[in-house]
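# Notes for the structure review
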Amino acid sequence: MNEYERFDMPLEGYSSQAFPALMRKVYLWMTLALGITAVTAYGVATTPALLNGIYNHPAVLFGLIIGELALVIWLSAALNRLSLQSATLLFLAYSVLNGATFSALLVIYSPMVITKVFLITAGTFAAMAFYGYVTKRDLSKMGSILFMALIGLIIASLVNIFLKSSGLDLVLSYLGVAIFVGLTAWDSQKIRKMLSTQEFADEGAQKLALIGALTLYLDFINLFLYLLRIFGRER
């Protein structure tokens, strides 16, 4: 469960004076993390020594993946105990590790495919985040269904590692896109509800904005990866 899932209140509740500043921080941190991930991926992909060091040594690659999982779990679980500075540094470190592991994508896929998929992802993400922000419809039930579907997607993806079915992989890719399109709207609504209750933009409120930024960052990244698996077949 995400840190902010305990905030379950009517959508028509008032917004505090701190709300606009906190929402700006959510998207500022998310954009900064995406930028760091992109720069890191490009830097590693264009440095043969780094690229070979990661992908020719399975221990290094698995270490990076385990490090990513450990960081995001630790950040979510220990948010209340961490200072805002420490939480921010962990978030940025996570975006660097993501960039390092994603560097191979810049080698596997052409710049045209990467650019096209990024633009599609950005447009889709923006539309769904906006919808989740402005809609008065409660998306909680949809979110619960999507979360369960995400668990099923993860299990099916693990099974397909052994089956190696290209047809199933394509189906799972489309399903992944549908799930993260919905999760983007749901998370956007939840972040709005959570931050609208914060009276002041103090450290506690900013840490909630940070975890909201992490959530939207993960939605964007996963949506991008599943779209890339679909459009990357055109090469």
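Moving on, we get to the confidence of the model for the protein chain. Per-residue confidence for the protein chain gives a mean pLDDT of 91; residues scoring 70 or more make up 93%. Predicted confidence is poor over residues 1–14, with pLDDT under 50, and the contacts of this stretch with residues over four places away or in other chains come to 36 contacts.

Tallied over the entire structure, the rule returns six aromatic pairs. The interplanar angle of 70° and the centroid separation of 6.1 Å between the aromatic rings of tyrosine 94 and tyrosine 217 together place this pair among those described as edge-to-face. Of this pair, tyrosine 94 sits in helix α4 (residues 84–102) while tyrosine 217 sits in helix α9 (residues 203–231), and the two are 123 residues apart along the sequence. When the centroid spacing of 6.0 Å and the interplanar angle of 25° are considered together, the rings of phenylalanine 180 and tyrosine 226 count as stacked. Within this pair, whereas phenylalanine 180 is found in helix α8 (residues 166–195), its partner tyrosine 226 is found in helix α9, the two being separated by 46 residues in sequence. Across from the ring centre of tryptophan 186, 3.8 Å away, lies the NZ or CZ of lysine 190, which sits over that ring. Above the ring of tyrosine 133, the side-chain terminus of arginine 192 is found at 5.8 Å from the ring centroid.

Let us now look at the nonpolar core. Counting 66 residues, the largest nonpolar core has Leu75, Phe91, Leu195, Leu214, Tyr217 and Leu228 as its most contacted members. Top element by residues in this core is α9. It accounts for 17 residues. Leave out the neighbours within four places in its chain, and leucine 195 touches Ser16, Phe19, Leu22, Met23, Val26, Ala205, Leu208 and Ala209.

Analysis parameters
Residues numbered from 1 in each chain as written. Predicted model: local features only at pLDDT ≥ 70, side-chain atom pairs only at ≥ 80, totals over all residues. Heavy atoms only, no water. pLDDT = per-residue confidence, 0-100. Contact = heavy atoms within 4.5 Å. Phe/Tyr/Trp six-rings, centres within 6.5 Å; stacked < 30°, edge-to-face > 60°. Helix = DSSP H or I, 4+ residues; strand = E, 2+ residues; numbered from the N terminus. Lys NZ or Arg CZ within 6 Å of the ring centre and 35° of its normal. Core = buried A, V, L, I, M, F, W, Y, C linked by side-chain atoms within 4.5 Å. Buried < 20%, exposed > 50% of the residue type's maximum accessible area, 1.4 Å probe, protein only.

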